[in-house]
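# Architecture and fold: a report
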Amino acid sequence: YSIPKRAFTLATGVAGTTALWWLLFNRHFNAHAPQCIQSFFGTVIPMSQQGPANGLYGQAEELAWRYSSNRLAVTAAIFGYFLSNISSEYTTMHPSIAKWISYYHHKMLGGAYLKTAQKMTHHVEDMSFNDLVGLEHVKQEFKLLVDYLANPEPYDRMGLTPSRGILLDGPTRTGKSFSVKALFCEINRMLATHGRSQEFKLIELDAPTIQRQGIGFLLELIKTAAPCVVFIDEFDLLDLQRKGQNALLSELLTYMSGTLSALDPKNQVIIIAATNRPENLDIALRQPGRFGKQLHFAYPTFNDRAQYITRKIKKLSLDPQTFDIDRLAYETHNQSYEALNTLINNALLKARIRSQRLSQKHIEEVLDQEIRHIITAENKHIAPHEQDILAAYFAGQALIINLIDTYI
């Protein structure tokens, strides 16, 4: 709706600039301009060819004649309109312009500033479903969703439309946010493969933002950004329960019933929520037409941990054969993917500080400090009787690990 206004503003700017050029260079213009343009703008009579103005009335008449003959008043009006619209446009566009200036500033600085630049533009690192270790049930559901977005008509005709409201539940740091970003990248990769210029957007929200801005803020975001993937983290913090007057729950239920059932292929909206406590959500939210699909995340198994550590070491251009992968996977029982990533990164940091190559020794040293929580003698003085207690405690742990087969 702003295109006609902006086009007219641009036209008045061009006309005003042309008129200003004529006022500043009128002698050259009068000498060389075509007859049709001269008849439109008029001809300025030099003061030397005009008679002298007599008295105050004569000077006022001469001033009025000069204003009317050289279109100065019209030029001033044109520029006034142009500048007023430009100022309003600048007020609207200034935050975006400032953001991009800051983005390129950080990008040119390089190094650690690149992450700041990526956050400013909501940059999502390119990834795919192959980067999701384990989580086969999640990849299967997300692949079905990507296939639907590639060609939704056959699914809609057969009534097999997959759920576009998905609830991810499970312990923290088990890959919920990571899987959403992989889905987002796969959707855009699919659109590019099919030659479609349409591009999905990723909107990441959290519960405090929705509570502070209101449900209307979420609705407006979706309207202006569709097609998009909306990811709401820590969804249970919204306290969406049937108790008292929960207007937020009522608005969200009403909106999701209408939005997620829409069949417009150009304005598809996928709403994904993540929570550690699905039991705190009202049962109406977990019905078809809302969050009809629930995907459970858990800590990685032994094989998943071994696969993740192997891939992480390969990304560092190191040979996994030089590491005891099975031992590392065994020692990291009940650890999340984020904990495994932090473990190897901290070991790599230790190796670089010592100007050494990453090895099994560095990883096990970090294991002792951050997962096994072993207190080394050189870091803290421990009384002899406390050493006996610690030795008995760790010996008991070692016996349990070796005697219970179900530890993995």
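All figures in this text were calculated on a predicted structure; none of them were measured in a lab.

## Looking at the overall build of the chain
Each helix and strand counted, the chain has 17 helices and five strands in total. Across the 408 residues that make up the chain, the buried fraction comes to 36%. A fraction of 68% describes how many contacts in the chain between residues 6 or more apart in sequence connect residues 24 or more apart.

## Considerations on the pattern of salt bridges
Tallied over the full model, the rule gives nine salt bridges. For Glu141, the salt bridge identified is with Lys293, shortest N-O distance 3.7 Å. A residue pair is termed long-range when its members are at least 10 positions apart, and Glu141 in helix α7 (residues 136-150) and Lys293 in strand β5 (residues 293-296) qualify at 152 residues. On the basis of relative accessible area, Lys293 is assigned to the partly exposed category, the value being 29%. Across the pair Arg277 and Glu279 runs a salt bridge whose closest N-O atoms are separated by 3.9 Å. A network of salt bridges, in which partner residues are shared, links Lys350, Arg354 and Glu365.

## Observations regarding unusual backbone geometry
Trans is the common state for peptide bonds, and a negative phi is the common state for residues other than glycine. Of note, Leu135 is a non-glycine position whose phi angle comes to about 50°, a positive value. The exposure class of Leu135 is buried, given its relative accessible area of 12%. With a phi angle near 65°, Arg173 is a residue other than glycine that sits in the positive phi range. As for its placement among the helices and strands, Arg173 is situated in the loop between β1 (165-169) and α9 (176-193). Judged by its relative accessible area of 52%, Arg173 falls in the exposed class.

## Examining the sheet that holds strand β2 (residues 201-206)
With parallel pairing, the five strands of this open sheet are ordered in space as β2-β3-β4-β1-β5. Only two strands of the sheet have a single partner each, and these edge strands are β2 and β5. Mean inter-strand twist for the sheet, computed between neighbouring axes without regard to direction, equals 20°. In terms of strand pairing, strand β3 (residues 228-233) meets strand β4 (residues 269-275) through five bridges, oriented parallel. Bridging across to β4, Ile232 finds its partner in Ala273. Across the sheet, helix α11 (residues 215-225) touches β2, β3 and β4, and the angle it forms with β2 is around 175°.

## With respect to the pairing of β4
Put simply, side chains in a regular strand alternate between the two faces of the sheet. Taken across its seven residues, β4 has seven buried, putting it largely inside the fold. Alternating residues of β4 divide into Val269, Ile271, Ala273 and Thr275 and Ile270, Ile272 and Ala274, and every residue in both groups is buried. In terms of strand pairing, β1 meets β4 through five bridges, oriented parallel. Across the sheet, Leu168 pairs through a bridge with Ala274, a residue of β4.

## Some thoughts on a nonpolar patch on the surface
On the surface, a nonpolar cluster with roughly 420 Å² of combined accessible area is contributed by Leu399, Ile400, Leu403 and Ile404. On the secondary structure map, Leu399 appears in helix α17 (residues 384-403).

## Quick word on the environment of Ala306
Looking at the secondary structure, you find Ala306 in helix α13 (residues 302-315). Exposure remark for Ala306: the relative accessible area of 12% places this residue in the buried category. If near-sequence neighbours (up to four positions away) are discounted, Ala306 is found in contact with Ile325 and Ala329.

## Thoughts on helix α15 (residues 337-353)
Counted at 1.5 Å a residue, the expected span for α15 with its 17 residues is 24 Å, and the 24 Å between its end C-alpha atoms agrees. Listing the buried residues of α15 in full gives Tyr337, Leu340, Asn341, Leu343, Ile344, Ala347, Leu348 and Ala351. Buried residues along α15 cover an arc of 155° about the axis, so they all sit on one side. In α15, the exposed residues that point more than 90 degrees away from the buried face are Leu349 and Ile353. For α15, the elements touching its buried residues are α13 and α16 (360-370). Among the residues trailing α15, Ser355 stands out with phi positive, at a value near 55°.

About the thresholds
- Residues numbered from 1 in each chain as written.
- Predicted model: local features only at pLDDT ≥ 70, side-chain atom pairs only at ≥ 80, totals over all residues.
- Heavy atoms only, no water.
- Helix = DSSP H or I, 4+ residues; strand = E, 2+ residues; numbered from the N terminus.
- Buried < 20%, exposed > 50% of the residue type's maximum accessible area, 1.4 Å probe, protein only.
- Contact = heavy atoms within 4.5 Å.
- Salt bridge = Lys/Arg side-chain N within 4 Å of Asp/Glu carboxyl O.
- Pairing = 2+ DSSP bridges.
- Axes fitted to C-alpha atoms, helices over the stretch in contact; angles between N-to-C directions.
- Patch = residues over 30% accessible without salt bridge, like charges linked within 9 Å, V, L, I, M, F, W, Y side chains within 5 Å.
- Areas by Shrake-Rupley, 256 points an atom, 1.4 Å probe, with all protein chains shown as cover.
- Expected span 1.5 Å × (residues − 1).
- Arc of directions from axis to C-beta.

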